[in-house]
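Geometric and topological summary
Listed here are the chains, written in short residue letters.
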Number of protein chains: 2
Amino acid sequence: MSTPGSAPRTPVSALGERGLIDRIRDRLPTPAAGVLVGIGDDAAVFEPERGALQILTTDALVEGIHFDRRFSSPADIGYKALAVNASDVAAMGGRPTHALVSLMLPDNLPVCDVDGLIDGLAELARVARVSVIGGNVTRSPGPLVVDVTLAGTVRRRRVLTRSGGRPGQALYVTGALGAGSAGLGWLQAHASDPSDVPDDAELAECVRRYRRPVPRGRVGGILGGTRAAAVCMDLSDGLGDAVRQVAERSGTGARLETARLPVAAGARRWFESRGLDPVVAAVSGGDDYELLFAVDGRRRGRLRTVLQQARGVPVTRIGELTADPGLYLVRPDGGTVDLPRGFAHF
Amino acid sequence: MSTPGSAPRTPVSALGERGLIDRIRDRLPTPAAGVLVGIGDDAAVFEPERGALQILTTDALVEGIHFDRRFSSPADIGYKALAVNASDVAAMGGRPTHALVSLMLPDNLPVCDVDGLIDGLAELARVARVSVIGGNVTRSPGPLVVDVTLAGTVRRRRVLTRSGGRPGQALYVTGALGAGSAGLGWLQAHASDPSDVPDDAELAECVRRYRRPVPRGRVGGILGGTRAAAVCMDLSDGLGDAVRQVAERSGTGARLETARLPVAAGARRWFESRGLDPVVAAVSGGDDYELLFAVDGRRRGRLRTVLQQARGVPVTRIGELTADPGLYLVRPDGGTVDLPRGFAHF
């Protein structure tokens, strides 16, 4: 992690602001064409794509709230700070293009940790083809904070909001549920180092998902592009929260069939070992960066296109939006329970 | 400050995330036309002006680093959080259009303080015609943080960077110097309440500038629009820092004439009362959101247009960029001293 001219554990306060900004810029991918002014001026200037709408989102990771440096490496934290924003752009049906990174750094944070953080963020920026074009650095008297702003583009008729749902539309979810909260649960119970993983390979996969969630950019783009989905939202605060928000904003209720919910195998075992109902725990838990979306009966054909093009990403039908405003989990015996809430920030 | 249904000192943690976001949205101006998706979805979507470049900037105010709740009211903090970003857009020659607000809130922060913060931000948003279209709220285990991202537009040939300076160009500055640091100095020495002001009216003006800096949006836009300025930068970290950065990025040196520097009258008296050299203190101090810009000899005519259109905002010639790479203050007797550095974040 060390660079000539600075010892590995040099604190950021010894580097100076300009030195710190230069160091960050040097570790990031070269911006794409269309960036007129990048890192280091009063503001960044770029040219959005012609004929495209501009998406803007921001999401912060705060030490002690969203991450613990005993559980996640600096590179994991940087990666995740961009991933959670990319997940929001995917949930709009868009494509991320440009990012700003706002860092609040404790004085005694080693420079090598800033390097690691930027390296992790740059790793995802390369894969997602995002140009980091500016940001801000400041000291923090308390926690380490990484606040990323992500800009993206989407065509006008391809925007996927939370409010276009109608009764009768089928609900789908990508990937598996509960991995994020099971991974965090294991880390809180066992880990003392950011490289610790459980022996159980499927639970280890949950821990990996917690540390480095995979934003569903490809599926989000296809859902918007094919206009297969009526509404779309990511599961950053859990499936329970997402279904509740989509239903409220669409003026509907929802029913989810517990037998259909794709709870991650490692998460199921972890929740059961803690005496928890695995379905309730998976629906309540946050940190799953999957997509929830609704499809109208007339658009099933388009959904087939999505499934073909999203090769490798599982998509599962889990229930439907209803005219009845209630929000329910339906058990295999037909009994219903109220839909659990998701993760609450306040 | 209270609203029916919530007692004035209700802590934010009692409100819930959705309640908090709804409350914030209700206090903000209605977004301008062209906003397709505003606050409350995964991300905001808007249509930038046709034929315009997109500017993006972010700047955070962190409690204990950039503000003290004993010295500034919540409304002052919210106002300033947008003002410092608007200053960056002005320094690019652009016009601010859309903002995201990322809040990190201590659990015990009263809801009325969040209301005040948003009201202060909304006050400037109305004046500057900025639509607040999204953001993020999260808990903070430490300081209150307000991190604003501001998007703006500028025409291609009107972008004002820090790097277009040439030897011989004259340096100008808007407004007065030292007000921000003198205002903060007085607050640190005397204040115990956000409404405290000194008896000296000119020093009180410095305190007001510290709490609510006035971004030079109009002058920045005119400097870009007329293409009078070759380079431009704001003085957020002080004149010493700004001149140093413009000179380094332009490959020049600079000489400033101390007799020409427009040190604010109240600041001059405050610095002298503390046994400080008022010029050195005014050049070193941060928190002056004025603009530094350089004008080529052939563009003096355009500068006259700027001065006419910027009626009310003083513009003062303070020195020039030089081929000699040194950075100097020139005393009236011809003696020189090294240019003081500005405020250092690390």
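Structure first, text after, so check above.
Residues numbered from 1 in each chain as written. Chains lettered and ligands numbered in written order. Predicted model: local features only at pLDDT ≥ 70, side-chain atom pairs only at ≥ 80, totals over all residues. Heavy atoms only, no water.

Attention now goes to the overall build of chain A. What chain A contains, in helices and strands, is ten helices and 13 strands. Computed over the C-alpha atoms, the radius of gyration of chain A is 21 Å, within 12% of the 20 Å expected from 2.2 N^0.38 for a compact globule of 346 residues. Overall, the C-alpha framework of chain A stretches about 65 × 50 × 35 Å when taken along its three principal axes. Counting over 346 residues, chain A shows a buried share of 60%. Long-range contacts, defined here as pairs at least 24 residues apart, represent 84% of the contacts in chain A between residues at least 6 apart. Carbon and sulfur atoms provide 47% of the accessible area of chain A, an area that totals close to 13,200 Å². Placing the 42 positive and 39 negative side-chain charges of chain A at their respective mean positions leaves the two points 9 Å apart. (Helix = DSSP H or I, 4+ residues; strand = E, 2+ residues; numbered from the N terminus. Rg over C-alpha atoms; globule rule 2.2 N^0.38 Å. Buried < 20%, exposed > 50% of the residue type's maximum accessible area, 1.4 Å probe, protein only. Contact = heavy atoms within 4.5 Å. Areas by Shrake-Rupley, 256 points an atom, 1.4 Å probe, with all protein chains shown as cover. Lys, Arg positive; Asp, Glu negative; His and termini not counted. Charge placed at Lys NZ, Arg CZ, Asp CG, Glu CD.)

Let us now look at helix 2 (residues 74-90) of chain B. For an α-helix, 3.6 residues make a turn, and residues three or four places apart therefore share a direction. Here helix 2 of chain B contains 17 residues, and its C-alpha end-to-end distance of 24 Å stays within 8% of the 24 Å for a straight helix at 1.5 Å per residue. A large share of helix 2 of chain B lies buried, amounting to 16 of its 17 residues. (Expected span 1.5 Å × (residues − 1).)

Once that is clear, we can look at the relation of the copies chain A and chain B. Related by rotation about an axis and a shift along that axis, the two copies of the chain form a pair. The two copies are related by a screw operation: chain A maps onto chain B through 180° of rotation and 0.0 Å of translation along the axis, at an RMSD of 0.0 Å. Accordingly, the operation relating the two chain copies is best matched by a two-fold axis. By C-alpha distance to the rotation axis, the residue of chain A lying nearest is Gly142(A), at 2.7 Å. Taken as a fraction of all interface residues of chain A, those also at the interface in chain B reach 100%, which identifies the copy contact as same-surface. (Least-squares fit on C-alpha atoms with pLDDT ≥ 70 in both.)

Structurally, Glu63(B) can be placed in the loop between strand 3 (53-62) and helix 2. Those residues in contact with Glu63(B) that sit more than four places away from it in its chain are Pro141(A), Arg69(B), Pro143(B) and Leu144(B).

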